[in-house]
Amino acid sequence: MEQKQKTIGILTSGGDAPGMNAAVRSVVRTAINKGMRVYGVYHGYAGLIKGELFEMDMRSVSNIIHRGGTMLYTARCPEFREEAGVMKAKETCEKYGIDGMVIIGGDGSFRGAADLSRHGIPCVGLPGTIDNDIACTDYTIGYDTAMNTVVEMVDKIRDTCQSHDRCSVVEVMGRRAGYIAVNAGISCGAICIMTPEIPITVDEVIARIKESQKVGKQNFIVMVAEGVGHSVEIAEKIEKETGIESRATILGHVQRGGNPTVRDRVAASQMGYYAVQLLEKGIGNRVVGLRHDAVVDFDIQEALSMKKPFQEDLYKIANDISY
Ligand code: ADP
Ligand code: F6P
């Protein structure tokens, strides 16, 4: 008996990340090359609930590999946290004959993918978030581009900081994780890096600034992860207690945009290709990741239960060579 043509859907969910389009492109072209039909879903789980689907072909993903953002748009969808929302999404999948879904997002999106898998729609998650805070993978799509954006911005801040012998307190994204802060901090020569994982006080920052002044350091970058926050107050306290003019810069959403770097384009293409191979075998409820540059996959619940170690070695190096 002729085998039914497989049909898959793809959506992007949660915070967007540079490289998501490269992942979408890889999934669509891999699937079509395998004889599958592909439906794009706009606006994440909200679009799946509402039925915002369109059939995709090879040309649907032309000229996007170099573009930040997501051509499928994304959304945060509280309704999908409820059973009724998941049931509506399942009905959409059944209506379109979707045999499996690729979900590009972070931990939250994977929790949704586990629910949908439990309701009979095999889902495969791709780690798409600039935070790099997903424990089952060494790397998440968007992380390298975001870090390079931060370094480019802070290099500009350093110009004026140095010209005025000032201290610049720079707040970066990362939600509750400090991976962007540590890696950007070491790359920008920060005198101190404040992260949720290794809490240091503002008084400790001030002490380090004063110590570095004794050996001639005259301008300072303090990197603050948004999970610590309060960068404006930190700058004010530094100025008050050291007399050094201090300014805070909250980089914000500039970290989420921009053309994806090679690393993000390659990682996205690799993991997208692998995800389709899983769905081709009817395998779902998995999260794809990269471990020592090899593509791997884990049961979603297993992936969500993992804990990601903090880069304490990097943190120490950053501190030891900061002045
Ligand atoms: P990210 O995927 O980047 O972590 P969110 O945490 O905002 O971003 O999750 C994105 C979407 O995934 C949410 O808007 C919601 O639709 C869905 N989601 C998040 N957590 C859950 C959950 N526990 N159960 C079901 N769906 C969830
Ligand atoms: O998860 C990615 C991220 O950029 C976090 O670093 C940040 O805290 C959050 O999204 C911001 O979310 P929103 O775009 O909804 O303000």
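Residues numbered from 1 in each chain as written. Chains lettered and ligands numbered in written order. Predicted model: local features only at pLDDT ≥ 70, side-chain atom pairs only at ≥ 80, totals over all residues. Heavy atoms only, no water.

**With respect to the overall build of the protein chain**
Counting secondary structure elements, the protein chain contains 11 helices and 11 strands. Taking the principal axes of the C-alpha coordinates as reference, the protein chain spans close to 80 × 35 × 35 Å. By the burial criterion, 54% of the 323 residues in the protein chain qualify as buried. Restricting to contacts in the protein chain with at least 6 residues of sequence separation, those with at least 24 account for 73%. Accessible surface computed for the protein chain: about 14,200 Å², of which carbon and sulfur atoms make up 49%. Looking at charge distribution, the protein chain has the averaged site of its 37 positive side-chain charges lying 3 Å from that of its 41 negative ones. (Helix = DSSP H or I, 4+ residues; strand = E, 2+ residues; numbered from the N terminus. Buried < 20%, exposed > 50% of the residue type's maximum accessible area, 1.4 Å probe, protein only. Contact = heavy atoms within 4.5 Å. Areas by Shrake-Rupley, 256 points an atom, 1.4 Å probe, with all protein chains shown as cover. Lys, Arg positive; Asp, Glu negative; His and termini not counted. Charge placed at Lys NZ, Arg CZ, Asp CG, Glu CD.)

**Section: the sheet that holds strand β9 (residues 246-250)**
The pairing of strands in a sheet comes from backbone hydrogen bonds and takes either a parallel or an antiparallel form. Ordered by their spatial adjacency, four strands build an open sheet running β7-β8-β6-β9, and the pairing between neighbours is parallel. Among the strands making up the open sheet, the edge pair consists of β7 (192-194) and β9. If you compare each strand with its neighbour and ignore which way they point, the axes differ by 20° on average. Bridge count for strand β6 (residues 167-172) against strand β8 (residues 220-225) is six bridges, and the pairing is parallel. Counted as the bridge partner of Val 170 is Met 223 from β8. Set on the sheet, helix α8 (residues 231-242) makes contact with β6, β7, β8 and β9; between it and β9 the angle comes to about 170°. (Pairing = 2+ DSSP bridges. Axes fitted to C-alpha atoms, helices over the stretch in contact; angles between N-to-C directions.)

**As for the site of ligand 2**
Looking at ligand 2, the residues that line it are Arg 76, Thr 129, Ile 130, Asp 131, Met 173, Gly 174, Arg 175, Glu 226, His 253 and Arg 256. Here an oxygen atom of ligand 2 and a backbone polar atom of Gly 174 are 3.0 Å apart. Within the side chain of His 253, one N or O atom sits 2.9 Å away from an oxygen atom of ligand 2. About the coverage of ligand 2: the protein hides 75% of its 400 Å² of free accessible area. (Near = heavy atom within 4 Å. Polar contact = N/O pair within 3.5 Å; in protein donor to acceptor, adjacent residues only side chain to side chain.)

**Remarks on the environment of Met 306**
Relative to the helices and strands, Met 306 is located in the loop between α10 (300-305) and α11 (312-320). Sequence separation of Met 306 and Gly 289 is 17 residues, and the distance between their C-alpha atoms is 13 Å. Beyond its immediate stretch of four places on either side in the chain, Met 306 contacts Ala 135, Cys 136, Arg 291 and Phe 298.

**Thoughts on the site of ligand 1**
Looking at ligand 1, there are 16 residues lining it, with Arg 76, Cys 77, Gly 106, Gly 108 and Ser 109 nearest. The backbone of Cys 77 places a nitrogen or oxygen atom 2.5 Å from an oxygen atom of ligand 1. Measuring from an oxygen atom of ligand 1, one finds a backbone N or O atom of Gly 106 at 2.9 Å. Surface burial for ligand 1 is 87%, taken as the share of its 550 Å² of free accessible area covered by protein chains. A total of six residues in the shell around ligand 1 trace back to one element, the largest contributor, which is helix α4 (residues 107-118).

**As for the packing of helix α5 (residues 143-163) against helix α6 (residues 179-187)**
Angle between the axes and distance between the axes are the two parameters that describe a pair of packed helices. Close contact between α5 and α6 brings their axes to 10 Å; oriented N to C, the two are set at 45°. Compared by their axis directions, α5 and α6 come out oblique. Crossing of α5 against α6: the hand is right-handed. Along the contact surface, α5 presents Tyr 143, Met 147, Val 150 and Val 151, while α6 presents Tyr 179, Ile 180, Asn 183, Ala 184 and Ser 187. Among the residues forming the contact of α5 with α6, the class breakdown is seven nonpolar, two polar and no charged. (Parallel < 35°, antiparallel > 145°, perpendicular 65-115°, else oblique. Left-handed = near helix turned anticlockwise from the far one by under 90°. Nonpolar A, V, L, I, M, F, W, Y, C, P; charged D, E, K, R; others polar.)

**A short note on the sheet that holds strand β10 (residues 286-291)**
Pairing within the open sheet is mixed, and its seven strands lie in the order β3-β2-β1-β4-β5-β10-β11. Of all strands in the sheet, those bounded by a partner on one side alone are β3 (53-56) and β11 (294-299). Taken pair by pair, the neighbouring strands of this sheet meet at an average axis angle of 30°, ignoring direction. The pairing of strand β4 (residues 100-105) with strand β5 (residues 123-127) spans five bridges and is parallel. Residue pairing in the sheet places Met 101 in a bridge with Cys 123 of β5. Its contacts with the sheet place helix α1 (residues 20-33) against β1 (7-12), β2 (37-41), β3, β4 and β5, and it is angled at close to 180° to β1.

**Structural notes on the side chain of Thr 7**
With respect to the helices and strands, the residue Thr 7 is situated in strand β1. The exposure class of Thr 7 is buried, given its relative accessible area of 5%. Dropping the residues within four chain positions of it, Thr 7 is found in contact with Arg 37, Tyr 39, Tyr 96, Gly 97, Ile 98, Asp 99 and Gly 100.

**Some thoughts on the pattern of salt bridges**
Scanning all chains against the criterion turns up 13 salt bridges. Residues Arg 37 and Glu 55 are paired through a salt bridge, measuring 2.7 Å at the closest nitrogen-oxygen approach. Of the two residues, Arg 37 sits in strand β2 while Glu 55 sits in strand β3, which places them 18 residues apart along the sequence. Of the charged contacts, one joins Lys 90 and Glu 94 as a salt bridge, the two residues approaching to 3.2 Å between their closest N and O atoms. With Lys 90 and Glu 94 both in helix α3 (residues 83-95) and four residues apart, the pair spans about one turn of that helix. Overall, Glu 94 belongs to the partly exposed group, its relative accessible area being 47%. (Salt bridge = Lys/Arg side-chain N within 4 Å of Asp/Glu carboxyl O.)

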